[in-house]
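Below are the chains, spelled out letter by letter.
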Amino acid sequence: MMGGAGQELTARNDAPVLIHAQGRDGELSCRLLEAAGHLCVHSRSEALFFDQLGRGCVAVLIAQEALCEPLASRLCAAIAAQPPWSDLPVLLVAQRERRPSPQVLTALGNVSVLNRPMSPEALASAVNAALRARERQFQVRDLLVAQTEQTRRKDEFLATLAHELRNPLAPLRNAVSIRKLTGSDDPFQDMMERQLGLLVRLIDDLLDVARISRGKLVLKPEPTTLQQILHAAIETASPTLEAGAHPLQLALPETPLPMLADGDRLSQVFSNLLSN
């Protein structure tokens, strides 16, 4: 099947056309395609067919009389197990009046039916078209592999960056905590603690690169109030508002509005709205 050994099948650009037909039909097809410059393998048994399918092929050329059970079910299962980028071309040689059932044709996926009698030119043309389509699939595969590698490198960079950013934060947090213990009346003490806590939270998100790759952040709901969230947001956005000379009017009820929410995340949302 195409999971496991079959995954090797989809990984080879230089794999052969796999031919499964009885007697002279298979031998003649193989000679014709080799004369046209194609690498071919003629399997003379079901065991050899699936062995080569697992080793790798770029297309399957199969005669209708060879597409019997259990080969048909095994081939359909292998095709269904392909990775998303892969759509193995299947060329089915059949009599016009004895075509396989629509269910089998659907299960074979990327199948082209070649009617007998068939000229060598028609066979070569069908194989060429199948191989061009297969080459496009290999290009998509290579692009996906490159993108996966780029994502891995990005995640490594973010993890390293987050680790390096945490190093200077520890002494900063200690300094802010010591200032508070000394009884300082600095009105900016609470603001520094909140902003430093938010910075630590953002760096923690960078460390969890798997969560970032999925576009998900863990929410931490805690008891808070709408007033606290909005005041924290305004505090963060104030430099931007002042630099742009944008007036801000805030009308909130005097009674605190309790919430069970992730205050840091909500304050980020409101701060972004104010800054934009």
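Our subject is the structure that appears above.
Please read all numbers here as calculations on a predicted model, not as lab measurements.

A. Summary view of the layout of surface pockets. When its volume is computed, the largest pocket comes out at roughly 480 Å³. Lining the largest pocket are 20 residues; nearest its centre among them are R194, E222, T224, G263 and D264. It is helix α9 (residues 226–243) that provides the largest number of residues to the lining of the largest pocket, a total of six residues. Split by residue class, the lining of the largest pocket holds five nonpolar, eight polar and seven charged. Empty space within the second largest pocket amounts to approximately 310 Å³. Only α2 (23–35), β3 (59–63) and α6 (120–181) provide two or more residues apiece to the lining of the second largest pocket. Of the residues forming the lining of the second largest pocket, the biggest block, five residues, is contributed by α2. Taken together, the residues of the lining of the second largest pocket break down into 11 nonpolar, two polar and three charged.

B. Representation of the packing of α9 against helix α10 (residues 263–275) in the model. Orientation of α9 relative to α10, taken along the N-to-C sense of each, is 35°, at an axis distance of 8 Å. Seen from above, α9 lies across α10 with right-handed handedness. Judged by residue contacts, I229, L230, A232, A233, I234, T236, A237, T240 and L241 of α9 engage G263, L266, S267, F270, S271, L274 and S275 from α10. Tallied by class, the residues present in the contact of α9 with α10 amount to 10 nonpolar, six polar and no charged.

C. Just the sheet that holds strand β5 (residues 111–116), in detail. The five strands lie next to each other as β2-β1-β3-β4-β5, forming an open sheet whose pairing is parallel. In this open sheet, the two strands that pair with only one neighbour each are β2 (40–42) and β5. On average, each strand axis in the sheet is tilted by 20° relative to the strand beside it, whichever way the strands run. Two strands pair when backbone bridges link them, and β3 and strand β4 (residues 90–95) are joined in this way by four bridges, in the parallel orientation. Paired with A63 across the bridge in β4 is V93. Packing of α2 onto the sheet brings it into contact with β1 (17–20), β2, β3 and β5, and relative to β2 it is tilted by some 170°.

D. Local environment of the pairing of β5. One ladder, built from six bridges, connects β4 with β5; its direction is parallel. Across the sheet, residue V90 finds its bridge partner in β5, namely V111. Where the polypeptide runs from β4 across helix α5 (residues 102–108) and back to β5, its parallel neighbour, the crossover connection is right-handed.

E. Region of the structure containing α10. Here α10 contains 13 residues, and its C-alpha end-to-end distance of 18 Å stays within 8% of the 18 Å for a straight helix at 1.5 Å per residue. Listed as buried for α10 are R265, S267 and S271. An end-on view of α10 places all buried positions within 160° of arc, on one side of the element. Those residues of α10 that are buried are in contact with α7 (189–207) and α9.

F. Structural detail: the nonpolar core. Ranked by size, the top nonpolar core spans 20 residues in total, and within it F49, L53, V60, I62, L67 and L75 carry the most contacts. At the level of elements, α3 (46–55), β3, α4 (71–80), β4 and α5 are the ones that each hand at least two residues to this core. Counting residues per element, this core draws most heavily on α4, which supplies six residues. Among all residues touching L67, those that are not within four sequence positions of it are I62, A72, L75, L92, V104 and L108.

G. Just the pattern of salt bridges, in detail. A full pass over the atoms with the stated rule returns 10 salt bridges. The closest approach of N and O atoms between R44 and E27, which form a salt bridge, is 3.9 Å. Residue R44 is located in the loop between β2 and α3, and its partner E27 is located in helix α2; the two are separated by 17 residues in the primary sequence. Owing to a relative accessible area of 31%, E27 belongs among the partly exposed residues under this scheme. The shortest N-O distance in the salt bridge between R152 and E149 comes to 2.4 Å. Taken together, the positions of R152 and E149, both in helix α6 and three residues apart, correspond to about one turn of that helix. Here R152 falls in the partly exposed class, since its relative accessible area comes to 37%. One network of salt bridges, with partners in common, ties together E149, R152, R153 and E156.

About the criteria used
- Residues numbered from 1 in each chain as written.
- Predicted model: local features only at pLDDT ≥ 70, side-chain atom pairs only at ≥ 80, totals over all residues.
- Heavy atoms only, no water.
- 1 Å grid on protein atoms, 1.4 Å probe; cavity = no way out; pocket = protein on both sides within 12 Å on 5 of 7 lines; lining within 4 Å.
- Points joined across faces, edges and corners; volume = space filled by probe spheres on them.
- Helix = DSSP H or I, 4+ residues; strand = E, 2+ residues; numbered from the N terminus.
- Nonpolar A, V, L, I, M, F, W, Y, C, P; charged D, E, K, R; others polar.
- Axes fitted to C-alpha atoms, helices over the stretch in contact; angles between N-to-C directions.
- Left-handed = near helix turned anticlockwise from the far one by under 90°.
- Contact = heavy atoms within 4.5 Å.
- Pairing = 2+ DSSP bridges.
- Right-handed = clockwise from strand over helix to strand, strands pointing away.
- Expected span 1.5 Å × (residues − 1).
- Buried < 20%, exposed > 50% of the residue type's maximum accessible area, 1.4 Å probe, protein only.
- Arc of directions from axis to C-beta.
- Core = buried A, V, L, I, M, F, W, Y, C linked by side-chain atoms within 4.5 Å.
- Salt bridge = Lys/Arg side-chain N within 4 Å of Asp/Glu carboxyl O.

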